[in-house]
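Listed below, chain by chain, are the residues.
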Amino acid sequence: MSLYLSYSVNLKGKKPSKTLWSNTETPVLAILSNNQVSFYQDEGVYIEEYKLNNDKISDFCWHPFNLITAYGCEDGRVGSNDNKVNEEKIFSHETPINIITFNNVGNRIVSSDLKNNIVVWNFDGGLFKLCIYQQKFQIELIIFGNFNINKYSE
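Residues numbered from 1 in each chain as written. Predicted model: local features only at pLDDT ≥ 70, side-chain atom pairs only at ≥ 80, totals over all residues. Heavy atoms only, no water.

**Here we look at the sheet that holds strand β7 (residues 97-102)**
Here is step 1: Overall, antiparallel pairing links the 4 strands, which are arranged β7-β8-β9-β10 in an open sheet. Only two strands of the sheet have a single partner each, and these edge strands are β7 and β10 (128-134). Shown here is a sheet whose adjacent strand axes are inclined to one another by a mean of 20°, direction ignored.
Here is step 2: Pairing geometry for strand β8 (residues 108-113) and strand β9 (residues 117-122), over 5 bridges, is antiparallel. Paired with R108 across the bridge in β9 is N122. (Pairing = 2+ DSSP bridges. Helix = DSSP H or I, 4+ residues; strand = E, 2+ residues; numbered from the N terminus. Axes fitted to C-alpha atoms, helices over the stretch in contact; angles between N-to-C directions.)

If you want it as structure tokens, here you go:
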């Protein structure tokens with residue numbers, strides 16, 4: 001995989017498996033490589049303070065409008081760099097997480113694992129498990145519809 005930017009990003013020989021730009025006023029590039037996520041300014045400068053506290057990350061996603069990431073790990077743990085989340089107690093998967101994503105509003109996270117379990121999390125003031133689903137097929141993509149919530153409020 002090749003990654004081309006206006007500026008050079010030094011990955012120190014690591015092979016990137018996923019790259020995502022934040023959807024915020026300050027653009028930040030997150031790169032997953034060798035089960036770690038690194039963060040860079042749009043000029044390619046490494047950002048030390050956005051470090052995630054885990055070295056076995058299998059997938060990650062950006063919050064829709066904040067500089068917050070959620071991530072899933074090879075050991076089944078779900079975490080976030082949001083300071084309201086206590087990472088040490090958040091296990092609901094027995095196998096590596098293959099997909100994690102925020103909904104469009106940023107108050108829910110959905111994660112799936114290699115045993116086809118889907119977990120829905122509440123992300124208001126922390127990270128709390130809401131429900132678990134078991135599927136018969138491998139989950140490859142999770143997409144939230146972009147509904148106009150005001151249309152359905154009455």
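**Thoughts on unusual backbone geometry**
Here is step 1: Despite not being glycine, N34 shows a phi value in the positive range, around 50°.
Here is step 2: Residue class for N34 comes out partly exposed when judged on its relative accessible area of 48%. (Buried < 20%, exposed > 50% of the residue type's maximum accessible area, 1.4 Å probe, protein only.)

**Here's the deal with the side chain of N117**
Here is step 1: With respect to the helices and strands, the residue N117 is situated in strand β9.
Here is step 2: Take N117: its relative accessible area is 14%, and that puts it in the buried class.
Here is step 3: Apart from residues no more than four positions distant in its own chain, N117 is found in contact with H93, S111, S112, Y133 and Q134. (Contact = heavy atoms within 4.5 Å.)

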